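Below, each chain spelled out in residue letters.
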There are 2 protein chains.
Amino acid sequence: MTDQATPTAETPAAAAPIIAGETLAAEALAGAWNPTPWPTRAPEPLEGEELQRVNAWWRAANYLSIGQIYLLDNPLLKEPLSRNDIKPRLLGHWGTTPGLNFIYAHLNRIIQQREQATLYVTGPGHGGPGMVANAYLDGTYSEVYSPIGQNEEGMKRLFRQFSFPGGIPSHDSPETPGSIHEGGELGYSLSHAYGAAFDNPNLLVACVIGDGEAETGPLATSWHSNKFLDAAQDGVVLPILHLNGYKIANPTVLARIPEDELLDLMRGYGHNPHIVSGGFDDEDPLLVHQRMAETLDEVLNEIAEIKRQAAAGTLEGTARWPMIILRTPKGWTCPKEIDGLPVENTWRAHQVPLANARDTEAHTRILEDWLKKYKPEELFDENGAPIEFITQLAPRGELRMSATPFANGGLLRRELDLPDFRDYGVEVASPGASDDSATKVLGDWLADVITQNPDNFRIFGPDETASNRLQGVYKSTEKQWNSAIWPIDEHLARAGRVMEVLSEHQCEGWLEGYLLTGRHGIFNCYEAFIHIIDSMANQHAKWLKVSRTIPWRRSISSLNYLLSSHVWRQDHNGFSHQDPGFIDHMVNKKADVVRVYLPVDANTLLSTYDHCLRSVDYINVVVAGKQPAPNWLTMQEAVAHCTRGLGIWPWAGTEVQGEEPDVVLACAGDVPALETLAAAALLREHLPNLKVRVVNVIDLMRLESATEHPHGLADDEFDTIFTTTKPVVFAYHGYPSLIHRLTYRRTGHNNLHVRGYKEEGTTTTPFDMVMLNDLDRYHLVMDVIDRVPGLAIVAAGLRQEMQDARMRARAYTRERGEDIPVVANWSWSRSNGVGVSQESSTADDTGGDNS
Amino acid sequence: MTDQATPTAETPAAAAPIIAGETLAAEALAGAWNPTPWPTRAPEPLEGEELQRVNAWWRAANYLSIGQIYLLDNPLLKEPLSRNDIKPRLLGHWGTTPGLNFIYAHLNRIIQQREQATLYVTGPGHGGPGMVANAYLDGTYSEVYSPIGQNEEGMKRLFRQFSFPGGIPSHDSPETPGSIHEGGELGYSLSHAYGAAFDNPNLLVACVIGDGEAETGPLATSWHSNKFLDAAQDGVVLPILHLNGYKIANPTVLARIPEDELLDLMRGYGHNPHIVSGGFDDEDPLLVHQRMAETLDEVLNEIAEIKRQAAAGTLEGTARWPMIILRTPKGWTCPKEIDGLPVENTWRAHQVPLANARDTEAHTRILEDWLKKYKPEELFDENGAPIEFITQLAPRGELRMSATPFANGGLLRRELDLPDFRDYGVEVASPGASDDSATKVLGDWLADVITQNPDNFRIFGPDETASNRLQGVYKSTEKQWNSAIWPIDEHLARAGRVMEVLSEHQCEGWLEGYLLTGRHGIFNCYEAFIHIIDSMANQHAKWLKVSRTIPWRRSISSLNYLLSSHVWRQDHNGFSHQDPGFIDHMVNKKADVVRVYLPVDANTLLSTYDHCLRSVDYINVVVAGKQPAPNWLTMQEAVAHCTRGLGIWPWAGTEVQGEEPDVVLACAGDVPALETLAAAALLREHLPNLKVRVVNVIDLMRLESATEHPHGLADDEFDTIFTTTKPVVFAYHGYPSLIHRLTYRRTGHNNLHVRGYKEEGTTTTPFDMVMLNDLDRYHLVMDVIDRVPGLAIVAAGLRQEMQDARMRARAYTRERGEDIPVVANWSWSRSNGVGVSQESSTADDTGGDNS
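Criteria and thresholds
Sequence order sets the numbering: in each chain, residues are counted from 1 along the sequence as written. Chain A is the first chain written and ligand 1 is the first ligand written, with later ones labelled in order. Per-residue local features of the predicted model are confined to residues with pLDDT of at least 70, and side-chain atom pairs are confined, for both listing and counting, to 80 or more; whole-chain, interface and lining totals are unaffected and use all residues. In computing side-chain properties, one takes all heavy atoms of the structure into account and sets aside hydrogens as well as water. A run of H or I in DSSP becomes a helix once it reaches four residues, and a run of E becomes a strand once it reaches two; helices and strands are each numbered from the N terminus. Whether two strands pair comes down to DSSP finding at least two bridges between them. In this analysis an axis means a line fitted to C-alpha atoms, helices contributing only their contacting stretch, and an angle means the value between N-to-C directions, from 0 to 180 degrees. Between two residues, a contact is recorded if the distance between any of their heavy atoms is within 4.5 Å. Here the buried area means the combined drop in accessible surface, using a 1.4 Å probe, for two parts upon being joined, counting both sides. By definition, a salt bridge exists where a carboxyl oxygen of Asp or Glu is found within 4 Å of a side-chain nitrogen of Lys or Arg. By the criterion applied in these results, polar contacts are pairs of N or O atoms within 3.5 Å in which, for protein atoms, one can donate a hydrogen and the other can accept it, and in which residues neighboring in sequence qualify only through two side-chain atoms. Any residue that is not Ala, Val, Leu, Ile, Met, Phe, Trp, Tyr, Cys, Pro, Asp, Glu, Lys or Arg is counted as polar, Gly included; the first ten are nonpolar and the last four charged. The predictor reports its confidence for every residue as pLDDT, a score running from 0 up to 100.

In this model, Asp282(A) sits at a positive phi of 65°, which is unusual for a non-glycine residue. Looking at where Asp282(A) falls in the secondary structure, it is placed in the loop between strand S4 (272-277) and helix H11 (285-312).

And the structure:
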């Protein structure tokens, strides 16, 4: 392309194009990224030229930001600004942008001085034009988007594309070089920053927190992340709380509380706060630059000292990391007043301060004056390239924050070295002959995953890892905890692979940051409470969807959920802990991003999770029980079944080779599978001539049409398995409507009768719970009788027997507080052949403790 | 019933049964609840008898709590404890319970002394046995559940029912007298507490925050609620941070940071912290009682002084409210060690400290010894009633925290005095002849709702009330803000009806607390970000569902969402701000709780909201646009249409009286309605003989079968409107699958073709957005051509024309950055008759600024 940037030897940015970044990325992996990590330097107030350089960068970035918001053409203002140069729809956010640009310029100086690998996380992601402007000054933008060269035509395109149909979003996004953090929903910057810092000992993550974002819950608690960071093993997060005073229409809380209260708050969070304030009442920005430079020098020295102590093993207690409170005017440097109303340093500067720039000649002149205030002719040469005096502030190659491989984690990602999960499987002599806790078995495998991948795999959970029966991992690791450790504590250590904090937001945010910087992980959580991060999962799914379309973004590890303590076994907790709707929520996302698995026992869970940990760019939702439950499949069968994703279990049914069955009993999920098999056993005993097919679904998306989801089963295969004419009684883990939805385009979908979770369930015993939701074996048998043509009359007696058995079970549970022995002690192998006519005889047995 | 409690004159609890509580409730409404509000008293260390009484209450509550967790029988231990007295499945949580009981006992003393109306909110809601125990000692439990009398049989039933099939949940729940806060998901206690305190100037809300809960994001930010409470107009929240040190399996963050850091944190939150610590290393509880009593006296005096200043108008700045840090052992008073492992004061005391009480005789003895340590024979009389010495600590009647009408808000609820919404409607000379912002029109009505209901209606929003165009409300009120107010600020005041903080969690929590204590409100929010509170809405829906089954719980106002800035108009923001899935999420909840409305213009929004504000016990989800958009219905038509919930728009179609149409164009949502009408106009012009019916759906649940949802349309009515055989092209606001799901049982459901939001949308102009998602008018016309039998050949030319028009529109937008004039300037009235053949001629027009 003619307009591609022509890098010269003088453009440091040109030295190491990001796409070919494997060399430096490899350095980073080898821990050799930073040749002199965490050096201490005497504070150096900016000398004349350096001061001017930082300020010139800032002016240029501000100019480029405003240009993006406003201009279609005339990017260098070589002509008088005319109405037609201005976009017809003015969209974007100026308010936070000059602050983001200010910090970026200063970090550049520090990075150059200290050769400090740095990732820049900007909480106010709606300051998108700023991040783009800095990446453009860095040279990175032109490297990854060749039509946007460092010249007049490139600048015009840069401006035009911003928040324009077919262009780039107005927020930070996957399209933004240097970003791992999308603008949109606020609250996760600091969690993302910590996630990025874990296991990157030489990385500085500078994290700007907007004072609006600071009001959100997730951000408010993420300050405490510092108790979970190991100063020796992990990198450093430098929080920069940017108080520009206003949100969309209100002042912010933290900008209006007394300064001593704010300092108390930051000390209460365990930080050593430094305040930089200025730019108000026309104060010369050069003075503010001096303050910021001096503070950054001090702060980096404090960090170096902590790192030194940590390396020497002399650090005691939780490190008191520094943080910066930066107080500058909202929309700094925009017009003070427009149409008689104050704008700079008010909420009116939040989006587009001058919204009517096209409306009158006078308003067009205001915009022109504003742009000219930055003196573009001093910042860009005749061709439109930023002058060398400015670009000299850009660090070399991948030290540029816009080009750091840490913001394109796929460059740094190493595949996991996974132990063979088959070696961890349970013996299954015959289906249902033994019980195991699926997650406990998984935990033993994960222990060795950790051993073999000691620095790029972590498990996150809200204080539930042991509750979810993954305690096997403590054979090979500890929980990372950098607050006080007492002798009574178990499995706490300054460094470890398990991250537990009672905040699903933190767990999700840390994991996202960890994955986006090229590592691997699992989030284990109670199923019902994963809804807490619905909107975060949304945003991550959107990030993955868009990233797939960006050639320079490399694949990152999938985000793996392990949802245990699921809705069917909340014996300790009840109704308030039940909601299987996270699956529904995720299925609304793009099909190429989301996978849902419902393993049915220990071996299928192992096989599923091995698959998940090898995958990239997905969100894998895995729901699995933690209670001891029957093992159905040998490892070999489990692998085959998981590979198919769904399949017939011939051993469970009574169909005749070569004939269509009379009815299909389908199931997805461990509890539904158990009830389905119990129903199949009842049918085998009582209606031995009924041809029953049993189908289990592990990979839920197999149900959807192949045209809708990459995992979708071809229609003819689906028809072969489910038949097109026979009744299908489907027992499902979650809300029944999802099964209808997924099978909507299937030929036989009108034959489906789905039982699932019905939002009924204050009880404490497993079978009482399934009865409350009508998912029990007796109901399934009745469903078959009601749906197989002709059976209603033939099997009227059995139907009544099922009703009676159900009422007996109900009465027993309510009397004794535990499940009736015929259910609690039921097993496939015993019922199969032996029969279930013990039903009535054992109903009055006492004992049978299954707790 | 024979086992009903027999209240005696000595039982103060018996004086005022909660069910007949209207008298005192009326007192509370009249502000006369507390005859001597906020008195100051000299601190009085507990005298001998009072000290013993507080301690005896605490012992009794602890005994009753343990009894609930463990015992099936032998409640008073009159016989040696045997294995069969113990429940077969031990479920529940002891760890937090002694702390909750301790606080309850001390609050009783304060309430008696000061006649202080008090609501007790317990963040650790899994301490359910404690709340039940206290309500039982109060007498309230026996009043509302007559079979659970204050006698031996009643106590046995009390124990047995706890966390037992058919009994009560193990957490605080709607079944718990005195609770507005369900145990389950953690994080919302303080938000609920503040919601309860707003507009209840004489109410003290004592809010226990567990140190586990304190790690959640929502809790971490809710400390800042104190900046939003007006000391004069509102009640008082007393946060009691209960540090018992451990979660399920870990220490807690706030219990392990240095104490000076913790104090800094609380001061940073704007509080004056008081520490009470004790009970460790066998310390005599009597000493801790003394400390707590003295501290509570001080704290109440501080509160009284702030209230005095506020009443006198001399309070400056934000009130520095006191708070208490209470540090006691987890599981306080349970066995120190079991089976060689420390239990008391460790995480092992979290749930059931002695899980194997039935397993061996020795373990059964441990339980017996533990229970006997409280000396039940000193606490309960021969008949099993708590002795008068203890019950004298219970405040009178509704001053009992378990009996306060503030925890059964329906008792206090007054209906809103609503101005006639018809007077606020817009004139509609003909459909689409004028444009209005629906939410702006609503705002004008809400302004007068506020004027007429100055003390029991509030609007909550995350800094988006003006952005959502409800700024009309500022004609009659302000935003409540008790931090610094500067001259530049607009619409901020110490007291006001609009509550804005940038935390959806806080908005939701405040509103829930406000509604649960008998008031009314609206939560206005960007549609995409309402997912942030998915799980909170879940829990509230569960609360409402269960409350309906509890006779003594009175109806509360519905929780009303107004979701604006919806997914189709995120011009400023784009893809990251788009997700219409909250509707799907809510539809998973019980049908008798959830309502979803998609008003189509200003008049239908007014009518809908009037309905919502009059309703009780629902969650109403209303989605409405804020951008100027066509008005379709006169007020009279709007009322009729909203009453029906869905209906044919005869003026929009071309059907012939008495004949079935050839095709149905259905729509739900404002943007889909616009595109549908534009498609209808195109069809009218180009295929004038095609009989098109246009149907609009306002009340989404009308689509569901009458058997599934109370709003469901009868099948024959549905068939009449949608036909059973004709193609239905349905344009929907959200994910298309929901329409399929709701109509799944309808005869003609296979004829439905739904277009909706497809998770595609980085763009900045309205029509480009609908095109990206294939919801545009041209697509709808093509859908009709493809689906009406025989039309494909006849209308092949028109189909091509639609394709071309679409491509022209796309190209124009990408070139000019705004929508093509033929679309941007389209109006029903102009197209209707005038025709749309201007299409091609105007495609190249310049101008037409629609921004």
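Our next topic: the sheet that holds strand S22 (residues 752-755) of chain A. Residues and elements named next belong to chain A. Strand order across the open sheet formed by 5 strands is S18-S20-S19-S21-S22, with mixed pairing between neighbours. Lying at the two open borders of the sheet, with one neighbouring strand each, are strand S18 (646-648) and S22. Taking each pair of neighbouring strands and ignoring which way they run, the sheet shows an average axis angle of 20°. By the bridge criterion, 5 bridges tie strand S19 (residues 663-668) to strand S20 (residues 692-697) in an arrangement that is parallel. In the sheet register, Val 664 faces S20, and the bridge partner there is Arg 693. Those strands touched by helix H21 (residues 670-686) are S19, S20 and strand S21 (728-732), and its axis lies near 155° from that of S19.

What follows concerns the sheet that holds strand S2 (residues 204-210) of chain A. All names here are of chain A. The parallel open sheet is built from 5 strands, whose spatial order is S1-S2-S3-S5-S4. Each edge of the sheet is formed by a strand with only one pairing partner; in this case those strands are strand S1 (118-122) and S4. Looking at each pair of strands side by side, their axes are set apart by 20° on average, direction ignored. Both S2 and strand S3 (residues 236-243) contribute to a ladder of 7 bridges, which runs parallel. Opposite Ile 209, over in S3, you have Leu 241 as the bridge partner.

Attention shifts here to the interface of chain B and chain A. When the parts of a complex come together, some accessible area is lost, and that lost area is often used as the size of the interface. Taken together, the contact pairs 127 residues of chain B with 126 residues of chain A. Between chain B and chain A lies a buried interface of about 10,400 Å² when both sides are counted; carbon and sulfur atoms form 53% of it. When residues of chain B are sorted by the area they lose upon contact with chain A, Arg89(B), Arg256(B) and His572(B) head the list and together hold 8% of the total. For the interface between chain B and chain A, the tally reads 19 salt bridges. A salt bridge links Arg320(B) to Glu261(A); the shortest N-O distance between them is 3.1 Å. Linking chain B with chain A are 72 residue pairs in polar contact (both at pLDDT 80 or more). Among the elements that line the side of chain B that touches chain A, the one with the most residues is helix H17 (residues 534-547) of chain B, at 7 residues. Considered class by class, the residues forming the side of chain B that touches chain A number 39 nonpolar, 47 polar and 41 charged.

A word on the confidence of the model for chain A. Residues and elements named next belong to chain A. Here chain A averages 92 in pLDDT, and 93% of its residues register 70 or above. Residue range residues 834-851 is modelled with pLDDT below 50. Its contacts to residues more than four positions away, or to other chains, number 37 contacts. What the predictor reports for the complex is a pTM of 0.95 with an ipTM of 0.94.

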